[in-house]
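Take a look at the letters that make up each chain.
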Amino acid sequence: MAVSAGFNETSYLLPPNREAWEERGIPDFVYGQKELTREGVQWPGTPPGPPDTRPPPSRFDSALRSAWRQRMDLGLFRYRLGELQTRTLPGPVGFVAQLNVERGVQRRRPQNIRSVRQAFDPQEFNFNKIRTGEVLFRLRRRDPDPPGGPQDEDVLVMINVSPLERGHVLLVPEPARGLPQRLLPCTLRAGLEAVLLSSHPGFRVGFNSLGGLASVNHLHLHGYYLAHRLPVEGAPSEPLDPGGRVYLLQAVPAPGFLFYTRGPGPGLESLISRVCRATDYLTDHEIAHNVFVTRGAPPGKASFSPTLTGVRVILWPRKPSFGVKEGEAFNVALCELAGHLPVKTAQDFSGLTEAAALALIQDCLLPPAQAAEVRAALVALVAQEEQ
């Protein structure tokens, strides 16, 4: 049973009587085109320090954060997330390191992944087995364009029970379908639109492939708030094709493929198509990858203006890594490649240097010859778009 949600954020809260949770159903968060064209999203304050003020929350932010806080108060997470110790590592990159001991100790063990193309296994943990109350709401587009096209799947927004930061959620399209962890256009569209729905400059969305440290083989994206700027927002880039449809992101922890859009419309749909054709190629060739979606500057020269004019999507092909490396200060997945480092122990947090962080990240990248081969293949894929 679905519940139609209005503009009152309390409609996304669970009733006080736990016996009523099952009967309540999942509320819909219904949104329209106008909410995706938000102007003036920017960082207050001056980098590199954290913002001292916050922009007014959007309706999406209010719904997500109030429902998320309630689930934390109800004890539906594996641990209670307090203020995380945070520091910017000295050096030109600008890594944001956070101490999150509980996540390192209490998160669910990753599944036994052996292939980037591994099939969904209903016997393993999946998002059809979560507890009542973990789902916050269902994303519903009021005015898909074209009608009956984008956003015609249910995408559930649910808590990540081992959160990286406040507001850490998962975006899961139609869990009952049992989709493996392979990026689909409708899923990426939901992630991009979630970023556009937020007025917080630090709400990011990302995808880990199998072999790219996805711990559950059931299609999902991560979304979370981080009140700090990251290197990938304004780093410089160079075009890889004459049409400027894909760029090489530079001067960041790891070079990646950059795609950019100013917002909803034909440009957004073209970006989704390009990114998913690229991830399809990588998956079909057993190449692990990570994707990061953040508000940021247009491609070109470095730009760290407080105003974030569009959305950057960064794709990193990488060496496959199956399982978690217990002895490392952090595991390299979507947020680490973007410059956000959740560190597992106080000792590693206090002693971590930029050089050590870069060494861990670069150890996960493809060898130069394979990276060049992948680059040529992805540029050729983009060129086919115009034929």
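Above this text sits the structure in question.
One structure accompanies this document, and this report is about it.

1. Details of the overall build of the chain
1) Next: Looking only at helices and strands, the chain features nine helices and 15 strands.
2) Next: The globule rule puts the C-alpha radius of gyration for 387 residues at 21 Å, and the 20 Å found for the chain is close to it.
3) Next: For the chain, the C-alpha atoms occupy an extent of roughly 60 × 55 × 45 Å along the three principal directions.
4) Next: Taken over 387 residues, the chain has a buried fraction of 57%.
5) Next: Put simply, 72% of the contacts in the chain that link residues at least 6 apart link residues at least 24 apart.

2. Remarks on the packing of helix 4 (residues 185–197) against helix 5 (residues 266–284)
1) Next: In the contact formed by helix 4 and helix 5, the axes pass within 10 Å of each other and the chain directions differ by 130°. The angle between the axes of helix 4 and helix 5 places the two elements in the oblique class. Relative to helix 5, helix 4 is oriented so that their crossing is right-handed. On helix 5, the residues that touch P185, L188, R189 and L192 of helix 4 are L268, E269, L271, I272, V275 and C276.
2) Next: A per-class count over the contact of helix 4 with helix 5 returns eight nonpolar, no polar and two charged.

3. Thoughts on the packing of helix 5 against helix 9 (residues 368–384)
1) Next: Where helix 5 meets helix 9, the axes come as close as 10 Å, and the angle between the chain directions of the two elements is 140°. The pairing of helix 5 with helix 9 is recorded here as oblique in orientation. Every pair of crossing elements has a handedness; the one defined by helix 5 and helix 9 is right-handed. Taking contact as the criterion, the partners of R274, R277, A278, Y281 and L282 in helix 5 are, on helix 9, V374, A377, L378, L381, V382 and Q384.
2) Next: Residues that form the contact of helix 5 with helix 9 fall into these classes: eight nonpolar, one polar and two charged.

4. Details of the environment of N290
1) Next: Mapping N290 onto the fold places it in strand 13 (residues 288–296).
2) Next: The exposure class of N290 is buried, given its relative accessible area of 0%.
3) Next: The spatial distance from the C-alpha of N290 to the C-alpha of L334 is 5.3 Å, given a sequence separation of 44 residues.
4) Next: Ignoring any residue separated from it by four or fewer positions in sequence, one finds N290 in contact with F207, N208, G212, I314, L315, W316, R318, A333, L334 and L337.
5) Next: Reaching out from N290, the side chain makes a polar contact with the side chain of R318 at a distance of 2.8 Å.

5. A few points about the side chain of E354
1) Next: Positionally, E354 belongs in helix 8 (residues 354–362).
2) Next: Buried charge without a salt bridge: E354, with R87 as the nearest opposite-charge side chain at an N-O distance of 10 Å.
3) Next: Dropping the residues within four chain positions of it, E354 is found in contact with L89, P90, G91, P92, V93, G94 and F95.

6. Regarding the packing of aromatic side chains
1) Next: All chains considered together, the criterion is met by ten aromatic pairs.
2) Next: With centroids separated by 5.3 Å and ring planes inclined at 65°, the aromatic side chains of Y12 and F137 adopt a geometry described as edge-to-face. Separated by 125 residues along the polypeptide, Y12 in the loop between strand 1 (2–4) and helix 1 (21–24) and F137 in strand 5 (residues 135–141) bring together distant segments of the chain.
3) Next: A ring pair is formed by F60 and F137, whose centres lie 6.3 Å apart and whose planes are at 75°; its orientation type is edge-to-face. Of this pair, F60 sits in helix 2 (residues 59–73) while F137 sits in strand 5; the two residues are 77 residues apart in sequence, bridging distant segments of the chain.

7. Some remarks on the pattern of salt bridges
1) Next: Taken as a whole and assessed by the stated rule, the structure comprises 17 salt bridges.
2) Next: One salt bridge in this structure joins D28 and R138, with 2.6 Å as the shortest N-O distance. Placement of the pair is D28 in strand 2 (residues 26–31) and R138 in strand 5, with a sequence separation of 110 residues.
3) Next: For D28, a relative accessible area of 8% corresponds to the buried category.
4) Next: Across the pair E238 and R375 runs a salt bridge whose closest N-O atoms are separated by 4.0 Å. One end of the pair, E238, is in strand 10 (residues 237–239); the other, R375, is in helix 9, and 137 residues separate them in sequence.
5) Next: Owing to a relative accessible area of 31%, E238 belongs among the partly exposed residues under this scheme.
6) Next: The class of R375 is partly exposed, set by a relative accessible area of 34%.
7) Next: One salt-bridge network, in which partners are shared between bridges, spans D28, R138, R140 and D154.

8. With respect to the side chain of E233
1) Next: Relative to the assigned elements, E233 resides in the loop between strand 9 (221–225) and strand 10.
2) Next: Among the polar contacts made by the side chain of E233, one reaches the side chain of R229 at a distance of 3.2 Å.

9. Here we look at the pairing of strand 4 (residues 96–99)
1) Next: Every second residue of strand 4 is oriented toward a common face, with V96 and Q98 on one face and A97 and L99 on the other, all of them buried.
2) Next: In this structure, strand 3 (residues 86–88) lies alongside strand 4, joined through three bridges in antiparallel fashion. The partner of T88 across the bridge, within strand 4, is V96.
3) Next: Examined bridge by bridge, strand 4 and strand 15 (residues 340–343) share four bridges and lie parallel to one another. Bridge assignment links Q98 to a residue of strand 15, and that residue is P342.

Basis of the calculations
Residues numbered from 1 in each chain as written. Predicted model: local features only at pLDDT ≥ 70, side-chain atom pairs only at ≥ 80, totals over all residues. Heavy atoms only, no water. Helix = DSSP H or I, 4+ residues; strand = E, 2+ residues; numbered from the N terminus. Rg over C-alpha atoms; globule rule 2.2 N^0.38 Å. Buried < 20%, exposed > 50% of the residue type's maximum accessible area, 1.4 Å probe, protein only. Contact = heavy atoms within 4.5 Å. Axes fitted to C-alpha atoms, helices over the stretch in contact; angles between N-to-C directions. Parallel < 35°, antiparallel > 145°, perpendicular 65-115°, else oblique. Left-handed = near helix turned anticlockwise from the far one by under 90°. Nonpolar A, V, L, I, M, F, W, Y, C, P; charged D, E, K, R; others polar. Polar contact = N/O pair within 3.5 Å; in protein donor to acceptor, adjacent residues only side chain to side chain. Lys, Arg positive; Asp, Glu negative; His and termini not counted. Salt bridge = Lys/Arg side-chain N within 4 Å of Asp/Glu carboxyl O. Phe/Tyr/Trp six-rings, centres within 6.5 Å; stacked < 30°, edge-to-face > 60°. Pairing = 2+ DSSP bridges.

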